[in-house]
Amino acid sequence: MKPVLAITRRLPADIEARAHADYDVRINEGDKPLDRAAILALAEGADAVLVSVGDPIDAAFFEALPVSVKIVATFSVGTDHIDLQAAARKGIVIGNTPGVLTDATADIAWLLMLGAARRASEGEAEIRTASWSGWRPTHLIGTQVTGKKLGIIGMGRIGQAVARRARGFDMEVHYYNRKRLSADLEFGATYHDSIDALLPHCQFLSLHCPSTAETRGMVDSSFLAKLPKGAILINTARGDVVNDGDVIAALKAGTLAAAGLDVFAGEPNIAPEYRSLPNTFLLPHLGSATQETRTAMGTRALDNIDACLAGKDVPFAVGA
């Protein structure tokens with residue numbers, strides 16, 4: 001008999017085909033987010049569970065998890081939706097999918113940066129609503145990206161990829177990271193040993209930090225006040241690192257010229273005022289949404305499960 005694999009969301013077709021070939025698959029056919037009870041019901045008698053961002057894999061989940069489950073693999077790099085300490089207490093292996101989202105997410109950060117700076121949402125709306133009255137010298141004047149100062153918080157793989165792309169725009173790059181990188185990974189960027197020291201240099205600011213107790217709500221009114229007036233904020237990290245009320249207030253006041261956001265606290269139920277602000281460029285969490293990347297993520301998730309159930313080292317295991 002094949003091992004039983006519970007999958008909480010629909011996956012790319014080739015990944016589902018591989019899963020069905022190797023496992024007795026139980027999948028959430030409706031592809032709507034499941035609550036804890038529904039995920040636990042799906043996992044009853046399973047050997048492994050493949051979860052996604054937003055699934056409530058918390059301490060209560062692990063307390064009730066069937067004893068048959070040996071691994072919880074997540075279709076993501078981030079693990080902030082998983083209580084890693086609770087998993088460790090129960091002896092459950094956790095696997096994630098690092099190293100394959102870098103370019104896709106960096107590309108989206110640049111789409112957000114250019115879209116927010118050049119007022120792309122407003123321009124597209126005029127075309128789609130047939131309200132464009134023609135070219136004129138003062139129409140939808142935005143902010144030039146080339147030659148400006150870009151700040152990056154979190155210089156991991158994605159932050160580095162954003163910095164590499166910035167060189168093509170002749171930007172002056174500054175960054176904060178918990179540790180300074182070696183010169184070959186800085187790509188000429190200037191290191192700052194604190195976020196407060198970084199912020200005054202950020203005409204554009206791109207967030208690439210994880211969601212932790214220290215970073216949640218980090219981008220608040222005090223934080224924003226340290227940016228140059230008219231800065232542009234980009235977020236492809238996690239929605240909850242931003243205080244939505246404070247960012248919305250800054251966008252209304254013009255202290256932030258614009259924001260490009262791909263992630264939101266409580267998504268898909270985002271702060272509704274974002275939708276009515278003309279100086280926002282908004283995407284529905286598309287950072288890793290390419291065929292190549294999502295397939296690579298699924299491959300890594302299944303590789304983790306295969307290894308664990310075969311008694312081998314899990315290639316992308318995550319510790320508490």
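Residues numbered from 1 in each chain as written. Predicted model: local features only at pLDDT ≥ 70, side-chain atom pairs only at ≥ 80, totals over all residues. Heavy atoms only, no water.

1. Some remarks on the sheet that holds strand β12 (residues 280-282)
Note: strands within a sheet are paired through backbone hydrogen bonds, in either parallel or antiparallel orientation. In plain terms, the rule: Only strands that DSSP links by at least two bridges are regarded as paired with each other. Per the convention used, a helix needs a DSSP run of H or I reaching at least four residues, while a strand needs a run of E reaching at least two, with both numbered from the N terminus. For every element, the axis is a line fit to its C-alpha atoms; helices are fit only across the contacting stretch, and the angle between N-to-C directions ranges from 0 to 180 degrees. The criterion used for residue contact is that any of the two residues' heavy atoms lie within 4.5 Å.
Pairing in this open sheet of seven strands is parallel, and the strands run β8-β7-β6-β9-β10-β11-β12 from one edge to the other. The outermost strands of the open sheet, each flanked by one partner alone, are β8 (190-192) and β12. The sheet shows a mean angle of 15 degrees between the axes of neighbouring strands, taken without regard to direction. As paired strands, strand β6 (residues 149-153) and strand β9 (residues 204-207) are joined by four bridges and run parallel to one another. When the bridges of β9 are listed, Leu150 appears paired with Phe204. Helix-sheet contacts for helix α7 (residues 157-167) involve β6 and β7 (172-176), and the interaxial angle to β6 is about 170 degrees.

2. Description of the UniProt feature "domain: D-isomer specific 2-hydroxyacid dehydrogenase NAD-binding" (unreviewed entry) in the protein
The following threshold applies: UniProt positions are given in the numbering used here, feature names are shortened, and annotations may be inferred rather than shown by experiment.
The sites that UniProt annotates as "domain: D-isomer specific 2-hydroxyacid dehydrogenase NAD-binding" (unreviewed entry) are residues 112-287. End C-alpha to end C-alpha, residues 112-287 measures 10 Å, and it is 30% helix and 18% strand.

3. Re the pairing of strand β1 (residues 4-7)
What counts is decided by this rule: Throughout this description, buried means an accessible area under 20% of the type-specific maximum (1.4 Å probe, protein chains only), exposed means over 50%, and partly exposed covers the range between.
Neither face of β1 is open: one carries Val4 and Ala6, the other Leu5 and Ile7, and all of them are buried. Where β1 and strand β2 (residues 24-27) come together, four bridges link them in parallel fashion. The residue of β2 that forms the bridge with Ile7 is Ile27. The sheet contact formed by β1 and strand β3 (residues 48-51) spans three bridges and is parallel. Bridge pairing links Leu5 to Ala48 in β3.

4. Structural notes on the nonpolar core
As a reminder of what qualifies: To form a nonpolar core, buried Ala, Val, Leu, Ile, Met, Phe, Trp, Tyr and Cys residues must be joined to one another through side-chain atoms within 4.5 Å.
Ranked by internal contacts, the top residues of the largest apolar core, which has 31 residues, are Ile153, Leu205 and Tyr274. When residues of this core are traced back to their parent elements, those giving at least two are α9 (195-198), β9, α10 (221-225), β10 (231-235), α11 (244-253) and β11 (256-261). Considering every element that reaches this core, the biggest residue donor is α11, with four residues. The contact partners of Leu205, leaving out residues within four places of it in the chain, are Leu150, Gly151, Ile152, Ile153, Leu198, Leu199, Phe223, Leu227, Ile232, Leu233 and Ile234. Grouped together as the second largest cluster of nonpolar side chains are 27 residues, Ala109, Ala117, Val162 and Leu283 included.

5. Notes on the sheet that holds β1
The five strands are arranged β2-β1-β3-β4-β5 in an open sheet whose pairing can be described as parallel. Lying at the two open borders of the sheet, with one neighbouring strand each, are β2 and β5 (93-95). Here the average twist between neighbouring strands, direction ignored, is 20 degrees.

6. Topic: the environment of Leu224
As for its placement among the helices and strands, Leu224 is situated in helix α10. Relative accessible area serves as the criterion here: at 10%, Leu224 is assigned to the buried category. Sequence spacing of Leu224 and Arg18 is 206 residues, and the spatial spacing of their C-alpha atoms is 47 Å. The contacts of Leu224, once residues within four sequence positions are left out, are Val219, Asp246, Val247, Ala250 and Leu256.

7. Topic: the state of the cysteines
Cut-off, in case you're wondering: Any cysteine sulfur atom paired with another within 2.5 Å is treated as part of a disulfide.
For the structure on display, the rule yields zero disulfides. For the unlinked cysteine Cys202, the closest cysteine sulfur is that of Cys209, found at 12 Å.

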